[in-house]
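Structure at a glance
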Amino acid sequence: MLAAEVPGLQLVRIDKSNIKNLRLLNASILPIHYTAKFYQNVLQNPDLSRLALWNEKYVGMVCCKIDSDVLYIMTLGCLVLYRRKKIGTSLFNFVLELSRAKNCRAIHLHVHSSNDEAVQFYEKFGFSVKETIENYYRYLKPTTGLFLERSMISNCDEKDSMPENPEAVSAIPGK
């Protein structure tokens, strides 16, 4: 499902005029502080990130980076009040389109071990937990992170369709 198929939803590029909205969303959804370097990287690579603007309100975000032939989801999240409205699915579909356009062989991300909703969300789209990493999140309790992967090489088309009742969740438990 493309963003245009969700009434009132636009996925907009992140630039200097709206980077503060990304900062606010990250602070509201994710329990991790992102440095100025993170935001500079987002501004230097505008094709790899989007803000979800729903009925003129910023409600979600996705920020990615590409290393060789792997797309890494740095952040993906949606404000709690706007979940279960297919916003997270639209953000993830942006990731899928981007990974195909860049000929990526896989998509990777990390999720806090206590965030079962995020793991379920990503599993609906063909991700699997590949590794459990102790002390990945130094300032969270528990500190354990999960490394998830989705291959883009094999026939993954059956996982591309939108799951029934998708939920937009952050990669790390939100507030």
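To be clear, the structure that these remarks concern was listed above.
Every value quoted in this text rests on a predicted model; they were computed, and no experiment measured them. (Residues numbered from 1 in each chain as written. Predicted model: local features only at pLDDT ≥ 70, side-chain atom pairs only at ≥ 80, totals over all residues. Heavy atoms only, no water.)

1. What about the nonpolar core?
Counted only if it meets this: For our purposes a nonpolar core is just a set of buried Ala, Val, Leu, Ile, Met, Phe, Trp, Tyr and Cys residues, chained together by side-chain atoms within 4.5 Å. The classification of residues rests on relative accessible area computed with a 1.4 Å probe and restricted to protein chains. Under 20% of the type maximum is buried, over 50% is exposed, and intermediate values are partly exposed. Elements are defined by DSSP. Helices are runs of H or I of four residues or more, strands are runs of E of two residues or more, and each kind is numbered from the N terminus. The contact rule is simple, with two residues in contact once any of their heavy atoms fall within 4.5 Å.
Ranked by size, the top nonpolar core spans 51 residues in total, and within it Leu 22, Ile 73, Val 95 and Tyr 122 carry the most contacts. For this core, the element with the highest residue contribution is helix α3 (residues 87–101), accounting for 7 residues. Those residues within four positions of Leu 22 in sequence are excluded, and the remaining contacts are Ile 14, Phe 38, Tyr 39, Val 42, Leu 51, Met 61 and Cys 63.

2. Some thoughts on the sheet that holds strand β1 (residues 9–12)
This is how the line gets drawn: Between any two strands, at least two bridges found by DSSP are needed for them to pair. Note on method: axes are straight lines fitted to C-alpha atoms, helices fitted across the in-contact stretch only, with angles between N-to-C directions ranging 0 to 180 degrees.
Taken together, 7 strands build an open sheet; the order of strands is β1-β2-β3-β4-β5-β7-β6 and the sheet is mixed. Each edge of the open sheet carries a strand with a single partner, namely β1 and β6 (128–133). On average, each strand axis in the sheet is tilted by 25° relative to the strand beside it, whichever way the strands run. Taken together, the 7 bridges between strand β5 (residues 106–112) and strand β7 (residues 145–151) define a ladder with antiparallel strand orientation. Its bridge partner lying in β7, Ala 106 is registered against Ser 151. Relative to the sheet, helix α2 (residues 36–44) contacts β2 (49–54), β3 (57–67) and β4 (70–78), its axis offset from that of β4 by approximately 110°. This element, α3, spans β1, β2, β3, β4, β5 and β7 of the sheet and lies at about 165° to β4.

3. Quick look at helix α1 (residues 19–29)
Each full turn of the α-helix corresponds to 3.6 residues, which orients residues three or four apart in the same direction. We apply this condition: The directions considered for the arc run from the helix axis to the C-beta atoms.
Here α1 has its buried residues at Ile 19, Asn 21, Leu 22, Leu 25, Asn 26 and Ile 29. Seen from one end, α1 has its buried residues packed into an arc of 150°, which puts them on one side. Across α1 from its buried face, at more than 90 degrees, point the exposed residues Lys 20 and Leu 24. Tucked into the core, α1 has its buried residues touching α2, β2, β3 and β4.

4. Here's the deal with α3
So the rule is basically this: Each helix should span, by expectation, one fewer than its residue count multiplied by 1.5 Å.
An ideal rise of 1.5 Å per residue puts 21 Å on 15 residues; α3 measures up with 21 Å between its terminal C-alpha atoms. Across the 15 residues of α3, 12 count as buried, placing the element largely inside the fold. Along α3, the residues that are buried comprise Ile 87, Gly 88, Thr 89, Ser 90, Leu 91, Phe 92, Asn 93, Phe 94, Val 95, Leu 96, Leu 98 and Ser 99. Looking one or two places after α3, you find Asn 103, whose phi comes out positive at around 55°.

5. A look at unusual backbone geometry
At the junction of Lys 141 and Pro 142, the peptide bond is cis and its omega measures out at -10° in the coordinates. With respect to the helices and strands, the residue Pro 142 is situated in the loop between β6 and β7. Positive phi values are uncommon outside glycine, yet Glu 56 reaches one of about 70°. As for its position among the elements, Glu 56 is in the loop between β2 and β3. Among the residues examined, Glu 56 registers a relative accessible area of 68% and is labelled exposed. Even without glycine at this site, Asn 135 takes up a positive phi of about 60°. Within the secondary structure, Asn 135 sits in the loop between β6 and β7. With relative accessibility at 55%, the residue Asn 135 sits in the exposed group.

6. A look at the pairing of β7
Most of β7 sits out of view: 5 of its 7 residues are buried. Relative to β7, β6 runs antiparallel, the two being bridged by 5 bridges. Its bridge partner lying in β7, Ile 133 is registered against Gly 145.

7. Some details on the packing of aromatic side chains
Using the following cut-off: When two rings of Phe, Tyr or Trp (its six-membered ring) have centres within 6.5 Å they constitute a pair, described as stacked for plane angles under 30 degrees, edge-to-face for angles over 60, and tilted for the intermediate range.
Scanning all chains against the criterion turns up 9 aromatic pairs. Centre to centre, the rings of Trp 54 and Tyr 82 are 5.6 Å apart; their planes meet at 75°, and the pair counts as edge-to-face. Pair noted here: Trp 54 is in strand β2 and Tyr 82 is in the loop between β4 and α3, with a separation of 28 residues, a long-range link. Classification of Trp 54 as buried rests on a relative accessible area of 19%. According to the relative accessible area criterion, Tyr 82 is buried, its value standing at 17%. Their ring planes at 70° and their centres at 5.3 Å tell us that Tyr 122 and Phe 127 sit as a pair that is edge-to-face. Just as Tyr 122 is buried, Phe 127 falls in that class too.

Keep in mind these values describe shape, not function.
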